[in-house]
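# Working through the structure, step by step
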Amino acid sequence: MKIVHSPHMMTAWSLRLRREGVTVGFVPTMGALHDGHRALIRAARLRCDALVVSIFVNPTQFGPAEDLTQYPRPLANDRRLCREEGVDLCFEPSVAAMYPEGFQTTIAVPAIARRWEGEVRPHHFAGVATVVTKLFGMVRPDIALFGQKDYQQAALIRRLVQDLNMGVEIIVYPTVREKDGLAMSSRNVYLSPEQRAIAATLYKSLRAGAEVVRKGTTDVQAIQSAMATTIEQTSILTVDYLAVCDPLSLDPLSSVVSRAVLLGAVRLGSVRLIDNLVVVAPRTRMEQRVGRRHSPARPASS
Ligand code: AMP
């Protein structure tokens, strides 16, 4: 596996391969890789010829009171995981190389960034949109994979790529969870044993909301109340938001008539957990099933 620090060398490597017709895949990360990242990298490996993983803890997406300096940086382990998963190139730019003297451009995706995570972390998504734009410019991938775990981030990146005609295919990979349902995250290492024992409550609360939808309820208040009741069963969780939203715009819905995404964020002491579930109203699910039954069988190859 090649390790590259220089953005210039990164681009040269990628452009040379792409000229030869090689498909370049890309998984951007902040390191501290876990089995969720591993699954994402493995899925990317199957979809491209040459695979790049970046490890860059991006300072501009952290707020002043956030954990930038404490963010885990187990670089040797991360490189080992990348090697095990057949990554061709690990891109590890420095902060100085990413943000040299005089750097001033910011990318904004205002409507998607405004709510939920954006409300709690006001500069976060400008940092994400800018760094992803820069990384795409350096890596020049054909495809890039992002986790559904960070639903709002994935929605924002899809919008960004479409709006700026970046020509990168975005694939969103399902959330990888621990046995009890807790979404894997680099920040889970901050949880004390006591906090860890109840951390899956967020996922349980989303499941409770999804169950209400599955039973045919379209009323958002009923869905939100089912989610809140589950959280209230534990006293040490504080809710940042529990929301029922349009899956593309992330605007809050007043009723769930087709698809929706349930978004949640809670605090356990100083640790924040986020998670989400996509839900489909039973009528829509039935229509989809009937549609599939009546549509002509797809040819085996096109
Ligand atoms: P991060 O290193 O936290 O910036 O994450 C890098 C990528 O991995 C992002 O696209 C995340 O959404 C994705 N990711 C993180 N945790 C998970 C998980 N549990 N399941 C699937 N993807 C994940």
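Residues numbered from 1 in each chain as written. Predicted model: local features only at pLDDT ≥ 70, side-chain atom pairs only at ≥ 80, totals over all residues. Heavy atoms only, no water.

We now examine the pairing of strand E3 (residues 50–55). Counting buried residues in E3 gives six out of six residues, a clear majority hidden from the surface. Burial along E3 is two-sided: Ala50, Val52 and Ser54 and Leu51, Val53 and Ile55, pointing in opposite directions, are all buried. Relative to E3, strand E2 (residues 24–29) runs parallel, the two being bridged by six bridges. Within E3, the position partnered with Pro28 by the bridge is Ser54. For the crossover that starts at E2, traverses helix H2 (residues 35–45) and ends in the parallel E3, the hand is right-handed. Both E3 and strand E4 (residues 89–91) contribute to a ladder of three bridges, which runs parallel. Pairing of Val53 across the sheet is with Cys90, part of E4. Once the chain exits E3 it traverses helix H3 (residues 75–84) before rejoining the sheet at E4, and the crossover so formed is right-handed. (Buried < 20%, exposed > 50% of the residue type's maximum accessible area, 1.4 Å probe, protein only. Helix = DSSP H or I, 4+ residues; strand = E, 2+ residues; numbered from the N terminus. Pairing = 2+ DSSP bridges. Right-handed = clockwise from strand over helix to strand, strands pointing away.)

In this structure, Met10, Val52, Phe91, Phe136 and Leu156 are the most contacted members of the largest nonpolar core, which totals 45 residues. Ranked by residues supplied to this core, first place goes to helix H7 (residues 124–139) with nine residues. Residues within four places of Leu156 in sequence aside, it is in contact with Val109, Ile112, Ala113, Phe125, Val128 and Ala129. Core analysis: the second largest hydrophobic core is formed by 28 residues, Tyr203, Ala210, Leu237 and Val244 among them. (Core = buried A, V, L, I, M, F, W, Y, C linked by side-chain atoms within 4.5 Å. Contact = heavy atoms within 4.5 Å.)

Once that is clear, we can look at the domain arrangement of the protein chain. With domains assigned, the protein chain is organised as domain 1 (2–173) and domain 2 (186–287). Just the C-alpha atoms count here: the centres of domain 1 and domain 2 sit 26 Å apart. Each side of the interface is counted separately: domain 1 has 21 residues, and domain 2 has 22 residues. Taken over both partners, the interface formed by domain 1 and domain 2 buries close to 1800 Å², and the fraction arising from carbon and sulfur atoms is 54%. When residues of domain 1 are sorted by the area they lose upon contact with domain 2, Trp116, Glu117 and Tyr151 head the list and together hold 38% of the total. Where domain 1 meets domain 2, there are three salt bridges. As a salt-bridge pair, Glu117 and Arg272 come within 2.8 Å of each other at their nearest N and O atoms. Across the contact surface, domain 1 and domain 2 share 10 residue pairs in polar contact (both at pLDDT 80 or more). Taken together, the elements giving at least two residues each to the side of domain 1 that touches domain 2 come down to helix H6 (117–120) and helix H8 (151–163). Counting residues per element, the side of domain 1 that touches domain 2 draws most heavily on H8, at three residues. (Domains from an automatic or database assignment. Buried area = accessible area lost by both parts, 1.4 Å probe. Salt bridge = Lys/Arg side-chain N within 4 Å of Asp/Glu carboxyl O. Polar contact = N/O pair within 3.5 Å; in protein donor to acceptor, adjacent residues only side chain to side chain.)

Lining the immediate surroundings of the ligand are 16 residues, of which Met30, Gly147, Asp150, Val176 and Met184 lie closest. Residue Val176 places a main-chain N or O atom 2.9 Å away from a nitrogen atom belonging to the ligand. Within the contact set of the ligand, a nitrogen atom lies 2.9 Å away from a backbone nitrogen or oxygen of Met184. Contact with the protein chains covers 93% of the free accessible surface of the ligand, which is 480 Å². Mapped by element, the contributors of at least two residues to the shell around the ligand are E2, H2 and strand E5 (143–147). The leading source of residues in the shell around the ligand is H2, at three residues. (Near = heavy atom within 4 Å. Areas by Shrake-Rupley, 256 points an atom, 1.4 Å probe, with all protein chains shown as cover.)

Tallied over the full model, the rule gives zero disulfides. Cys82 supplies the cysteine sulfur nearest to Cys48, a cysteine that is in no disulfide, at a spacing of 13 Å. What makes Cys48 buried here is its relative accessible area of 9%. (Disulfide = S-S within 2.5 Å.)

Let us look at the side chain of Thr130. Here Thr130 is to be found in helix H7. If sequence neighbours within four positions are ignored, Thr130 has contacts with Phe103, Thr105, Thr106 and Ile107.

Further remarks concern unusual backbone geometry. You will see that Ala32, though not glycine, has its phi angle at about 50°, which is positive. Along the polypeptide, Ala32 turns up in the loop between E2 and H2. Note on Ala32: relative accessible area 10%, which makes it buried. Although it is not a glycine, Asn165 sits at a positive phi angle of roughly 45°. When you line up the elements, Asn165 lands in the loop between H8 and strand E6 (169–173).

This model, assessed by the stated rule, comprises six aromatic pairs. Relative to Phe103, the ring of Tyr99 lies with its centre 5.0 Å away and its plane at 80°, an arrangement referred to as edge-to-face. Take Tyr99: its relative accessible area is 16%, and that puts it in the buried class. Owing to a relative accessible area of 32%, Phe103 belongs among the partly exposed residues under this scheme. (Phe/Tyr/Trp six-rings, centres within 6.5 Å; stacked < 30°, edge-to-face > 60°.)

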